[in-house]
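Remarks on the overall topology
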Amino acid sequence: MPDFIGARGVRRLTPARLALVLGAFAAGLAITMVVAPLLSVEVVPGGRRLTTLDLDAIVRGGNDDATIFWMRRLPRVLAALLVGAALASSGCAFQAVLRNPLAEPFTLGISSGASFAALLAIRLGVDGAAGGAGVSVAALAGTALTVLLVWRLGRVGGTLPPATLVLAGVTIAMFCGAASMLVQYTADFAEVSAMVRWMMGSVGGADYPALARAAVAIASGLVILLWQARALNALAAGDEAAASVGVAVGRALGITFTVAAILVGVSIAIAGPVGFIGLTVPHALRALLGADHRLLMPASMLAGGTMLIICDTVARLALAPPELPVGVVTALLGGPTFLVILMRYKRGLRA
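Scope of this entry: the structure provided in the associated data block. A quick note: this is a predicted structure, and the numbers were derived from the prediction, not measured. (Residues numbered from 1 in each chain as written. Predicted model: local features only at pLDDT ≥ 70, side-chain atom pairs only at ≥ 80, totals over all residues. Heavy atoms only, no water.)

Before going further, it helps to spend a moment on the packing of helix α3 (residues 64-98) against helix α14 (residues 293-317). Each packed pair of helices is defined by two parameters, the angle between the axes and the distance between the axes. Viewed as axis vectors pointing N to C, α3 and α14 meet at an angle of 140°, and their least axial separation amounts to 7 Å. By the angle class used here, α3 and α14 are oblique. Judged by the twist between their axes, the crossing of α3 over α14 is right-handed. Looking at the contact of α3 with α14 residue by residue, the class counts come to 14 nonpolar, six polar and four charged. (Axes fitted to C-alpha atoms, helices over the stretch in contact; angles between N-to-C directions. Helix = DSSP H or I, 4+ residues; strand = E, 2+ residues; numbered from the N terminus. Parallel < 35°, antiparallel > 145°, perpendicular 65-115°, else oblique. Left-handed = near helix turned anticlockwise from the far one by under 90°. Nonpolar A, V, L, I, M, F, W, Y, C, P; charged D, E, K, R; others polar.)

Okay, the nonpolar core next. Ranked by size, the top nonpolar core spans 87 residues in total, and within it Phe94, Phe257 and Leu308 carry the most contacts. Among the elements that make up this core, the one with the highest residue count is α3 (16 residues). In this view, Phe257 contacts Phe94, Leu108, Val147, Val150, Trp151 and Leu165; residues no more than four positions away in its chain are not counted. The next biggest cluster of nonpolar side chains, apart from the first, holds five residues, and it includes Leu38, Leu53, Ile58 and Leu74. (Core = buried A, V, L, I, M, F, W, Y, C linked by side-chain atoms within 4.5 Å. Buried < 20%, exposed > 50% of the residue type's maximum accessible area, 1.4 Å probe, protein only. Contact = heavy atoms within 4.5 Å.)

Bringing empty space enclosed by the protein into the picture now. Evaluation of the coordinates by the stated rule reveals one cavity of 30 Å³ or more. For the largest cavity, the calculated volume is near 30 Å³. Around the largest cavity sit Leu87, Pro105, Phe106, Ser111, Ile268, Gly272, Pro273 and Val274, which together line it. (1 Å grid on protein atoms, 1.4 Å probe; cavity = no way out; pocket = protein on both sides within 12 Å on 5 of 7 lines; lining within 4 Å. Points joined across faces, edges and corners; volume = space filled by probe spheres on them.)

This part is about a nonpolar patch on the surface. On the surface, Leu145, Leu148, Leu149 and Leu153 cluster together into a nonpolar patch covering about 380 Å² of accessible area. For Leu148, the location among the structural elements is in helix α6 (residues 134-154). (Patch = residues over 30% accessible without salt bridge, like charges linked within 9 Å, V, L, I, M, F, W, Y side chains within 5 Å. Areas by Shrake-Rupley, 256 points an atom, 1.4 Å probe, with all protein chains shown as cover. Salt bridge = Lys/Arg side-chain N within 4 Å of Asp/Glu carboxyl O.)

By the element assignment, Pro273 lies in the loop between α12 (249-271) and α13 (277-289). Judged by relative accessible area, Pro273 falls into the buried class, the value being 8%.

With an omega dihedral of 10°, the bond running from Ala320 to Pro321 counts as a cis peptide bond. Checked against the element boundaries, Pro321 lands in the loop between α14 and α15 (326-350). If you check the backbone angles, Phe276 has positive phi at about 75° while not being a glycine. Counting through the fold element by element, Phe276 comes out in the loop between α12 and α13. Assessed through its relative accessible area of 25%, Phe276 is described here as partly exposed.

Moving on, we get to the packing of aromatic side chains. Two measures describe an aromatic ring pair: the distance that separates the ring centres and the angle between the ring planes. Within this structure, the stated rule accounts for three aromatic pairs. Judged by centre distance (4.9 Å) and plane angle (85°), the ring pair of Phe69 and Trp70 falls under edge-to-face. For Phe69, a relative accessible area of 12% translates into the label buried. Summarising the aromatic geometry, the rings of Phe94 and Phe257 are spaced 5.4 Å apart at their centres and angled 65° between planes, so their arrangement reads as edge-to-face. Here Phe94, found in helix α3, pairs with Phe257, found in helix α12; they are 163 residues apart in sequence, far enough to count as distant. Through successive ring pairs, a cluster of aromatic residues spans Phe94, Trp151 and Phe257. (Phe/Tyr/Trp six-rings, centres within 6.5 Å; stacked < 30°, edge-to-face > 60°.)

Another aspect to go through is the pattern of salt bridges. Counted by the stated rule, this structure contains six salt bridges. Notably, a salt bridge pairs Arg76 with Glu323, separated by 3.2 Å at the nearest N-O pair. Placement of the pair is Arg76 in helix α3 and Glu323 in the loop between α14 and α15, with a sequence separation of 247 residues. Exposure remark for Arg76: the relative accessible area of 8% places this residue in the buried category. A relative accessible area of 42% places Glu323 in the partly exposed class.

The next point concerns the packing of α6 against helix α7 (residues 162-185). Taken N-terminus to C-terminus, the directions of α6 and α7 make an angle of 135°; their axes are 8 Å apart at the nearest point. The pairing of α6 with α7 is recorded here as oblique in orientation. The hand of the α6/α7 crossing is right-handed. Contacts between α6 and α7 involve Thr146, Leu149, Val150, Leu153 and Gly154 from the first element and Thr164, Leu165, Ala168, Gly169 and Ile172 from the second. Looking at the contact of α6 with α7 residue by residue, the classes come out as six nonpolar, four polar and no charged.

Turning our eyes to something else, we now look at α13. With 13 residues, α13 should reach 18 Å at 1.5 Å per residue; the first-to-last C-alpha distance of 17 Å fits that figure. Judged by how many residues are buried, α13 sits mostly within the fold: ten of 13 residues are covered. Where α13 is concerned, the buried positions are Ile277, Gly278, Leu279, Thr280, Val281, Pro282, His283, Leu285, Arg286 and Leu289. Phi turns positive, to about 100°, at Gly290, one or two residues after α13. (Expected span 1.5 Å × (residues − 1).)

Attention now moves to the environment of Thr51. Its location among the elements puts Thr51 in strand β2 (residues 47-52). Sequence separation between Thr51 and Leu253 is 202 residues, and the spatial gap between their C-alpha atoms is 48 Å. Those residues in contact with Thr51 that sit more than four places away from it in its chain are Leu38, Leu39, Ser40, Val41 and Glu42.

Encoded structure:
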């Protein structure tokens, strides 16, 4: 197995280095969260220009700028923060336990299973019958069923080899992809339009009550993954190495895989299938910071939230007044990065 964690490997982590790195990432996230919702594009004769909302008007309230900021811009920034942090941390966890740089929610079939369930809900009209939450509930149910299937298919005796787990995920992803196409083929024009919009991913429809519910689940999952950081260091070195230092391999793997899958499911319920954040963010940070998950995991959470806020802002402004789906922006940025990771992985196999 090639060393996928980067040349820096596991560096000695001191309290000073931990505080410095995480402080820098937290500062970047804070600046992004303040600046992003203020940016706008104004159409002027001969083109467009970048403008900002009036801070004084936002503070005073009772005006258009305040309404736009508090009711439209801030909820989508918070949604992007939650979804980005959840996807990046789950990708970081999957890459560690499977010891594979290409492991992430899409390659493991989790996103495909959730998407199939959501499209089926749209086709059956469940969303309207469930008061607008049907698609989200279906996505969560699809996540749970997919995780169960991948886990059962990938299990060999009492162990869960990474290779068989990835193969099981790819198989489920292919099946769910075909089933999703069948659902779309049998749908009418309005249903297909809704399916396509959902599949592209967006944080634009988030509201505060839904975000509050999602925040509880995501925050709980993030805390558990942070608690598992030492075990992830051991698991990344292999099951035998982890067991030799006292890690209960089966228990740690089960907790990590389940919690990461729940984070993915909640994220898809909020924003639809937003790709590549779970792949590119932790892999890039692993090469930059090293493979110690006590630092890598919280850094991935902060950087994932920052990255998705930036991508959503680009999606909102690039063609304004029309908006691009954020999933299109993450795919355009993540696709080339995926190819770079794949080429590096192939070079490692030859070594």
